[in-house]
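The residues making up each chain are set out below.
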Amino acid sequence: MISFSPRTQTSIEFAADLFRQSKHAVVLTGAGLSTPSGIPDFRSTGTGLWSRDEPLEVASLNTFRTAPQRFVEWFRPLASQIFNAQPNSAHCALAELEKAGHLDAIITQNIDSLHQKAGSKTVIEMHGTMQTLTCTQCYHQVDAALYIASFVENGELPRCPKCDQTLKPDVILFGEQLPQTAWSKAQQAARHCDLMMVAGSSLEVLPVAGLPMQALDRGAHLIIINNSETYLNVRADVAILEDVAVIIPAIAERVLHG
Ligand SMILES: [Zn+2]
């Protein structure tokens, strides 16, 4: 058993109580949930992949179209890290909460599919996924697993088996709109829930960062677990400024086994 400070212990217990009392809990996850799995937060400067180059520009739809080789150089190490990553204890604890009926859905800003790898079923992916690729010409969609190994190895963008045009990973790049279906599902979940837990997100990227506010406005409780402050910590019922991979399993343990 890990021992926590009295303050953290109280917060964990309170968070677990909120989960037990809720009928429709939803979790919103961000990059911080996957850093314990070795995937860098590629939005934060200094630590992330985006600081190597001009991240906002490189990760854009425009770069993909006009300078695909630059895009590939940026994307290759990320693709390799993501495909080799394994879910951590936070992913697994959330999957268990869902399985036991304490969690309706996970809304995620991550593109690594680690929630699904951990066994979560209802995952709303706001920034797309690395699991599939879509043709930029004919919109034929393929399973990324068939292409990723050779892409990581030789750095050539995979081509469409039907029309030979470039296949683009189904992740949302800068300059692209959020996927409409995912966005309406996320809004619905946020408006319908009676408890939202934000985990590993600094709530800096709009419009996803606005979802907890929608939940709060409809009277939902809010838990925030992140290693830095967010704009909503002042309004949260519980805010824990610690590692998600330690805190979430502790909360789940208490929800599931008392
Ligand atoms: Zn095609």
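Residues numbered from 1 in each chain as written. Predicted model: local features only at pLDDT ≥ 70, side-chain atom pairs only at ≥ 80, totals over all residues. Heavy atoms only, no water.

Draft legend 1. Structural view of the nonpolar core. One finds F19, L94, M197, I223, I225, I248 and I251 to be the most contacted residues of the largest nonpolar core, which totals 29 residues. Top contributing element to this core by residue count: helix α10 (residues 244–257), with 7 residues. Each residue touching F19, except ones within four places of it in the same chain, is listed here: A25, V27, L97, H102, L103, L195, M197, I223, I251 and V255. With 25 residues, the next largest nonpolar core counts L28, W183, V198 and L222 among its residues. (Core = buried A, V, L, I, M, F, W, Y, C linked by side-chain atoms within 4.5 Å. Buried < 20%, exposed > 50% of the residue type's maximum accessible area, 1.4 Å probe, protein only. Helix = DSSP H or I, 4+ residues; strand = E, 2+ residues; numbered from the N terminus. Contact = heavy atoms within 4.5 Å.)

Draft legend 2. Representation of the coordination of the zinc ion. Here the zinc ion is held by C135 (SG), C138 (SG), C160 (SG) and C163 (SG), and the distances to it run 2.3 to 2.4 Å. Coordination at the zinc ion is tetrahedral, judged from the 4 donor atoms that bind it and the angles of 98 to 119° they form at the metal. The sequence motif formed by the donor residues of the zinc ion is C-x2-C-x21-C-x2-C. Of this pair, C138 sits in the loop between β4 (128–135) and β5 (141–143) while C163 sits in the loop between α7 (145–154) and β6 (167–171), and the two are 25 residues apart along the sequence. (Donors = N, O, S within 2.8 Å, 3.2 Å for Na, K, Ca; no water. Tetrahedral: all angles 85-135°; square planar, octahedral: opposite > 155°, others 65-115°.)

Draft legend 3. Looking closely at the pattern of salt bridges. Following the criterion strictly, the structure yields 2 salt bridges and no others. With a shortest N-O distance of 3.9 Å, R254 and E13 are connected by a salt bridge. Residue R254 is found in helix α10, and its partner E13 is found in helix α1 (residues 6–21); the two are separated by 241 residues along the sequence. (Salt bridge = Lys/Arg side-chain N within 4 Å of Asp/Glu carboxyl O.)

Draft legend 4. Focus on unusual backbone geometry. Cis geometry is adopted by the peptide bond preceding P207, which originates at L206 and carries an omega value of 0°. The phi dihedral of S113 is positive, around 60°, even though this residue is not glycine. Structurally, S113 can be placed in the loop between β2 (105–108) and α6 (114–118). Residues other than glycine seldom take positive phi values, yet Y139 does so here, at roughly 65°. Mapped onto the secondary structure, Y139 falls in the loop between β4 and β5. Residue class for Y139 comes out exposed when judged on its relative accessible area of 63%.

Draft legend 5. Inspection of α7 at higher detail. What α7 keeps buried is the set Y147, I148 and F151. One side of α7 holds all its buried residues, which, seen down the axis, span an arc of 105°. Summarising the geometry of α7, the exposed residues directed more than 90 degrees from the buried face are L146, A149 and E153. In the core, the buried residues of α7 are packed alongside α4 (68–84), β4, β5 and β6. (Arc of directions from axis to C-beta.)

Draft legend 6. The sheet that holds strand β1 (residues 25–29), seen in detail. In space, the 6 strands of this open sheet follow the order β3-β2-β1-β7-β8-β9, with parallel pairing throughout. Whereas interior strands pair on both sides, the edge strands pair on one side only; in this sheet they are β3 (123–125) and β9 (238–240). Adjacent strand axes in the sheet meet at a mean angle of 15°, parallel and antiparallel pairs treated alike. Across the sheet, α1 touches β1, β7 (195–199), β8 (221–225) and β9, and the angle it forms with β9 is around 135°. (Pairing = 2+ DSSP bridges. Axes fitted to C-alpha atoms, helices over the stretch in contact; angles between N-to-C directions.)

Draft legend 7. Main features of the environment of F174. Turning to its location among the elements, F174 is positioned in the loop between β6 and α8 (180–192). For F174, a relative accessible area of 32% gives the class partly exposed. In this structure the C-alpha to C-alpha distance between F174 and V58, which are 116 residues apart in sequence, comes to 8.8 Å.

Draft legend 8. Layout of the environment of T63. Turning to its location among the elements, T63 is positioned in helix α3 (residues 61–66). On the accessibility criterion, T63 (2% relative accessible area) is buried. Setting aside its immediate chain neighbours within four residues, T63 contacts E57, V58, P68, R70 and F71.

Draft legend 9. How the structure looks around the sheet that holds β6. Spatial strand order, β5-β4-β6: 3 strands in an open sheet with antiparallel pairing. Unpaired on one side and paired on the other, β5 and β6 mark the two borders of the sheet. On average, each strand axis in the sheet is inclined to that of its neighbour by 40°, with strand direction left out of account. Of the strand pairs in this sheet, β4 and β6 are connected by 4 bridges, and their pairing is antiparallel. Considered in β6, the bridge of T134 is made with K168. In the packing of α7 onto the sheet, contacts are made with β4, β5 and β6, and the angle to β5 comes to roughly 75°.

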